[in-house]
Each structure stands twice: as C-alpha cells, then as structure tokens.
Amino acid sequence: MKEITSGHEGINAVSDSVHRRVSEHVAAGAESGAFFGSIMAGLVLGALADKALGWYPAMVIVGIITGSIVGFWRMWTIANRDNAR
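Residues numbered from 1 in each chain as written. Predicted model: local features only at pLDDT ≥ 70, side-chain atom pairs only at ≥ 80, totals over all residues. Heavy atoms only, no water.

(A) Region of interest: the overall build of the protein chain. Along the backbone of the protein chain there are two helices and zero strands. The proportion of buried residues among the 85 residues of the protein chain is 15%. Intrachain contacts of the protein chain at a sequence separation of at least 6 include 52% that bridge at least 24 residues. Surface summary for the protein chain: the accessible area is close to 6,900 Å², and the carbon and sulfur share equals 69%. (Helix = DSSP H or I, 4+ residues; strand = E, 2+ residues; numbered from the N terminus. Buried < 20%, exposed > 50% of the residue type's maximum accessible area, 1.4 Å probe, protein only. Contact = heavy atoms within 4.5 Å. Areas by Shrake-Rupley, 256 points an atom, 1.4 Å probe, with all protein chains shown as cover.)

Written out as structure tokens, the structure is:
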C-alpha cells in the first residue's frame, strides 16, 4: 500500500516538479520565438533594403539567409549554455 503523508511535503514536491516542467516549456517557446524573430527581422530588413536600393528580391533572400544563420547561431549558444549547467 502507498503511504499517505501528512503535511505539505507531497504537495510541495509535486508543485516543484510542475513548476520545473512549465519553466522548461516556456523557455523552449521563448527560444523558438527568438529563432523565428531572427528570420523575420532578416526578411523585414531585406525588404527595406530592396525598397531603398531597388534590387528586389536580392536583399530579401540575403536577409532571410542571414536571419536563419543568426537564428541557428542563437539556438546553438542557448543549447551550449544549457548543456554547461
């Protein structure tokens, strides 16, 4: 039979576990948002450069590629930081 504990020890353990899992999911969402934001920033900056220079779609393509590289680099640094812990 499972032992029933009195007090808040069991509740605190469950609460800490749920808090940890929610924190990990929120962090993952923020990281993927940063990746998407990098790509979108490259797209917008490329579109603005195209409009100013009249080189459509060359700078949009360069912006998307640059944004993707920056996004992957950010994800790489986040993954390495998390592995160091």
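(B) Focus on the side chain of Asp50. Mapped onto the fold, Asp50 is located in helix α1 (residues 9–53). Polar side-chain contacts of Asp50 include one of 3.0 Å to the backbone nitrogen of Met59. For Asp50, the residues in contact, after removing those within four places along its chain, are Trp55, Tyr56, Pro57, Ala58, Met59 and Val60. (Polar contact = N/O pair within 3.5 Å; in protein donor to acceptor, adjacent residues only side chain to side chain.)

(C) Structural context of unusual backbone geometry. At the junction of Tyr56 and Pro57, the peptide bond is cis and its omega measures out at 0° in the coordinates. Mapping Pro57 onto the fold places it in the loop between α1 and α2 (58–84).

(D) Looking closely at the environment of Ser32. Turning to its location among the elements, Ser32 is positioned in helix α1. Residue classification places Ser32 among the partly exposed residues on the basis of a relative accessible area of 41%. Spatially, the C-alpha atom of Ser32 lies 8.1 Å from that of Met75, the residues being 43 residues apart in sequence.

(E) A look at the environment of Leu45. As for its position among the elements, Leu45 is in helix α1. Residues Leu45 and Val62, spaced 17 residues apart in sequence, show a C-alpha to C-alpha distance of 9.7 Å.

(F) Region of the structure containing the environment of Phe35. Looking at the secondary structure, you find Phe35 in helix α1. A sequence separation of 33 residues divides Phe35 from Ser68, and the C-alpha atoms of the two residues are 7.6 Å apart. Residues contacting Phe35, with those up to four places away along its chain left out, are Ser68, Gly71, Phe72 and Met75.

(G) Examining a nonpolar patch on the surface more closely. Taken together, the side chains of Val44, Leu45 and Leu48 define a hydrophobic patch exposed on the protein surface, amounting to about 300 Å² of accessible area. Here Val44 shows up in helix α1. Accessibility expressed as a relative area gives 44% for Val44, which makes it partly exposed. (Patch = residues over 30% accessible without salt bridge, like charges linked within 9 Å, V, L, I, M, F, W, Y side chains within 5 Å. Salt bridge = Lys/Arg side-chain N within 4 Å of Asp/Glu carboxyl O.)

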